[in-house]
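Each chain is listed here by its residues.
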Amino acid sequence: MLARTVRDSFVDEGAGGKMYKIKQKVEGKGRCLEAARDILPGELVLTERCLFWGPVQAHVCVSCLDGSSEHEYGLCADCGYPLCQKHQQDPGIHHEECSLLASSGGSSLEDVDDQYLVLRVIRCLLAMMNHRSDMKCLRGDTQVIGVEWVVEMIKQVEKWEEDDIFMAIDCVLYNCVDDDGQDGKPHRRGYYPTSNLLEHSCISNTRNIISGDCLECRATVHIQEGEAITTCRVNPMLDVYTRRKKLREKYHIDCFCGRCCSASELGCFSSALCCLACENIIGFFLPPDPADTTPQYSCNICE
């Protein structure tokens, strides 16, 4: 959500003092979090409240983001975005953004995903007005392409500079976290400035737990002082090519973690296929180096 998270945004650094420090990456652009001391499994690394939320699927009220079938929805008379009956009477956080959405014409777009993209970018821009320093936690420079239409729509509001709009689009598209609903699909997407700096790894050493608008980051293994604190931004059960494809498309990340660079995925063989040409089917077709974007599997026995 917007108004409450902007007003109450905080980072709790764990009961044992500050667990991390922000460090400039040695290779590549951007920053990351590094353990300031040894962190034990289960320890709280940080707790953080979301700076802003936005919907990512149809049939939700843009104010409360409630998509349950118990509610009936109507369109806001001013901007055309969906609101539940309660928030048609009392718009809540939607009141501030309503006139801006009306000026942008976002609800006129045919694709609901595009409508919600415009909404999330405007919410990000509103958050930036009070928390601009938190936008410095974006993970490096991302080349935002194919979204010129969003820039042109929001420029009609005549409130923000083009550079700020591009920064907000970068934040919304590549630096936000999905919160899945009961159906397992993401129903909202939010921005957590500090935890956003966690490096991705397919064998991460922490787990994020989202409850309401708060995120808890807890260690899953022993993290040594000076070690990078990592998180997994995709389903770790996916095969290596699907994981890396999703990471590139959703976060502009090329993963070369230890698991992705191991043909056997460090012994878990989650991307392997049984080789039917081997006697007694004892061989496995293993993927090549992750830098090879074309899957050319080879058997580890008969090749």
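One structure accompanies this document, and this report is about it. The shown structure was predicted, so the numbers you read here are calculated from the model rather than taken from an experiment.

## Some points on the sheet that holds strand β16 (residues 298-299)
Strand order in this open sheet of 3 strands is β14-β15-β16, and the pairing throughout is antiparallel. The outermost strands of the open sheet, each flanked by one partner alone, are β14 (273-274) and β16. Bridge count for β14 against strand β15 (residues 284-286) is 2 bridges, and the pairing is antiparallel. Within β15, the position partnered with L273 by the bridge is F285.

## Some details on unusual backbone geometry
Phi is positive for L266, close to 60°, though the residue is something other than glycine. In this structure L266 comes out as exposed when scored by relative accessible area, which is 55%. At F269, a residue that is not glycine, the phi angle is positive and equals roughly 55°. The partly exposed category is assigned to F269, whose relative accessible area is 32%.

## Points about helix α3 (residues 94-104)
Among the residues making up α3, those that are buried are H94, E97, C98, L100, L101 and S104. Where α3 is buried, its residues meet β7 (82-84), α4 (112-130) and α5 (148-155). G105, located one to two residues past α3, shows a positive phi value of around 75°.

## A few points about the side chain of H94
Examined against the element boundaries, H94 turns out to sit in helix α3. By relative accessible area, H94 is classed as buried at 1%. Separated by 3.0 Å, the side chains of H94 and E97 make a polar contact. Setting aside residues up to four positions removed in sequence, H94 forms contacts with V62, S63, C76, C79, Y81, L83 and L101.

## A closer look at the state of the cysteines
In a disulfide, the sulfur atoms of two cysteines are covalently bonded to one another. Enumeration over the complete set of coordinates arrives at 0 disulfides. Here C255 stays free of any disulfide, with the sulfur of C257 as its closest cysteine sulfur at 3.5 Å. The class for C255 is buried, based on a relative accessible area of 3%.

## Notes on the nonpolar core
As a rule of thumb, soluble globular proteins bury nonpolar side chains together. Counting 39 residues, the largest nonpolar core has F52, V121, I154 and W160 as its most contacted members. Looking at this core, the elements with two or more residues in it are β7, α3, α4, α5 and α6 (162-174). No other element matches α4, which puts 11 residues into this core. If you look at the next biggest cluster of nonpolar residues, it comprises 18 residues, including L33, I39, L65 and Y192.

## A closer look at the environment of G80
Along the chain, the position of G80 falls in the loop between β6 (73-75) and β7. The partly exposed category is assigned to G80, whose relative accessible area is 22%.

## Quick look at the sheet that holds strand β5 (residues 52-55)
The antiparallel open sheet is built from 3 strands, whose spatial order is β5-β9-β8. The two strands at the open ends of the sheet, each matched to only one other strand, are β5 and β8 (177-180). Going from strand to strand, the sheet's axes swing by 30° on average, the running direction of each strand aside. By the bridge criterion, 4 bridges tie β8 to strand β9 (residues 186-191) in an arrangement that is antiparallel. Paired with D180 across the strands is P186, a residue of β9.

Criteria and cut-off values
- Residues numbered from 1 in each chain as written.
- Predicted model: local features only at pLDDT ≥ 70, side-chain atom pairs only at ≥ 80, totals over all residues.
- Heavy atoms only, no water.
- Pairing = 2+ DSSP bridges.
- Helix = DSSP H or I, 4+ residues; strand = E, 2+ residues; numbered from the N terminus.
- Buried < 20%, exposed > 50% of the residue type's maximum accessible area, 1.4 Å probe, protein only.
- Contact = heavy atoms within 4.5 Å.
- Polar contact = N/O pair within 3.5 Å; in protein donor to acceptor, adjacent residues only side chain to side chain.
- Disulfide = S-S within 2.5 Å.
- Core = buried A, V, L, I, M, F, W, Y, C linked by side-chain atoms within 4.5 Å.
- Axes fitted to C-alpha atoms, helices over the stretch in contact; angles between N-to-C directions.

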